[in-house]
Amino acid sequence: MTEREDSLFQQEFLEKERYHKTKVCICRVMLLVLLLALWELCASLQIIDAFIFSSPTRIWSCFVKMAGDGTIFLHIGVTLWETLISFLLVVTVGVTAAVALWASRSLAEILEPYLVMLNSLPKSALAPLLIVWLGNNMKTIIVAAVSVAVFGSILTLHTGFAQTDPDKIRLIRSLGGGKRDILFKVLIPSSVPLIVSNMKVNVGLCLVGVIIGEFLSAKAGLGYLIIYASQVFKMDLLVMSIVILSILSMALYQVIAEAEKRFL
């Protein structure tokens, strides 16, 4: 095969990939528009109760009203800030603890059943206890969010670290390297895809944990808005908060996905 033919095949392949991505993007947008149109139509024709289920136009009106005085951006900012702090803590604690368990077999075998138990515990049950211990403040919300994600993160990362290529580890040891060399030259570099994949999961779990905390201990945030709206039967506000949460979770995931594409 000549270089010219190889170049043509490559261009054809790239064209097919661009066409596929464009088609997927258009289909996604069309599906969203169709769902919103059906929702609005059903509310307009009173097939569903617009007071209970709201509608896209009512949600948009509610958003515009709250955007006018800036209150909605305050609540989004509070939830986003709490989520980012929780996420950074989960990543730091998760990686550090997983490395410690990898470095000490005895420590791993001692702590593993407790980590499994804590990971299986419904975290919503801990929230009232955290309020008593830490008070009704942002610290409680962040701790609640961290507790949702950190134990599963430690277990996942430790399992991945334990499956590191043994041949590479033997090679480092045969060259006189110790655990420090294995950690920084084999374990961490080979586990970057696992860590990034774990971060994608954790950012969503942290957002869930923040909302759980805001349900019980908050004066601002999207979780606070949801609870307030349900208590006063402002369903437009409630559904709008849920929609914003969905958009926020998708945006956070996409940020990590884009970072993964750029740096890996």
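Residues numbered from 1 in each chain as written. Predicted model: local features only at pLDDT ≥ 70, side-chain atom pairs only at ≥ 80, totals over all residues. Heavy atoms only, no water.

Would you mind showing me how to read the layout of surface pockets here?
If you roll a probe as big as a water molecule over the atoms, it shows you where there is empty space left. When its volume is computed, the largest pocket comes out at roughly 830 Å³. Along the walls of the largest pocket sit 22 residues, with Arg28, Leu32, Ser246, Ile247 and Met250 positioned nearest its centre. Broken down by secondary-structure element, the contributors of at least two residues to the lining of the largest pocket are helix H1 (3–44), helix H3 (56–69) and helix H11 (235–263). Here the lining of the largest pocket gets 10 residues from one element, more than from any other, and that element is H11. Residue classes in the lining of the largest pocket are distributed as 15 nonpolar, 3 polar and 4 charged. Around the second largest pocket, the lining comprises 15 residues; the ones closest to its centre are Leu101, Trp102, Arg105, His158 and Ala162. Sorting the residues of the lining of the second largest pocket by element identifies helix H4 (71–103), helix H5 (105–120), helix H7 (138–162), helix H8 (166–174) and helix H9 (179–216) as the ones contributing at least two each. (1 Å grid on protein atoms, 1.4 Å probe; cavity = no way out; pocket = protein on both sides within 12 Å on 5 of 7 lines; lining within 4 Å. Points joined across faces, edges and corners; volume = space filled by probe spheres on them. Helix = DSSP H or I, 4+ residues; strand = E, 2+ residues; numbered from the N terminus. Nonpolar A, V, L, I, M, F, W, Y, C, P; charged D, E, K, R; others polar.)

Quick question: what am I supposed to make of the pattern of salt bridges here?
Two side chains that carry opposite charge are able to pair once their charged atoms sit near each other. Going through the model one piece at a time under the given rule, you end up with 5 salt bridges. When the shortest N-O distance is used, the salt bridge between Arg58 and Asp236 registers 3.1 Å. Note that Arg58 is positioned in helix H3 and Asp236 in helix H11, a separation of 178 residues in sequence. The class for Arg58 is partly exposed, based on a relative accessible area of 33%. We classify Asp236 as buried; its relative accessible area is 17%. When the shortest N-O distance is used, the salt bridge between Glu258 and Lys261 registers 3.8 Å. With Glu258 and Lys261 both in helix H11 and 3 residues apart, this pair spans about one turn of that helix. Taking the relative accessible area as the measure of exposure, Glu258 reaches 36% and is therefore partly exposed. (Salt bridge = Lys/Arg side-chain N within 4 Å of Asp/Glu carboxyl O. Buried < 20%, exposed > 50% of the residue type's maximum accessible area, 1.4 Å probe, protein only.)

Sorry if this is basic, but what is going on with the packing of aromatic side chains here?
How two aromatic rings sit relative to each other is given by the distance of their centres and the angle of their planes. Scanning the model with the defined rule gives 3 aromatic pairs in all. Relative to Phe73, the ring of Phe63 lies with its centre 6.2 Å away and its plane at 85°, an arrangement referred to as edge-to-face. Taken together, the residues span a long stretch of sequence, with Phe63 in helix H3 and Phe73 in helix H4 at a distance of 10 residues. For Phe73, a relative accessible area of 47% translates into the label partly exposed. Their ring planes at 15° and their centres at 6.3 Å tell us that Tyr224 and Tyr228 sit as a pair that is stacked. (Phe/Tyr/Trp six-rings, centres within 6.5 Å; stacked < 30°, edge-to-face > 60°.)

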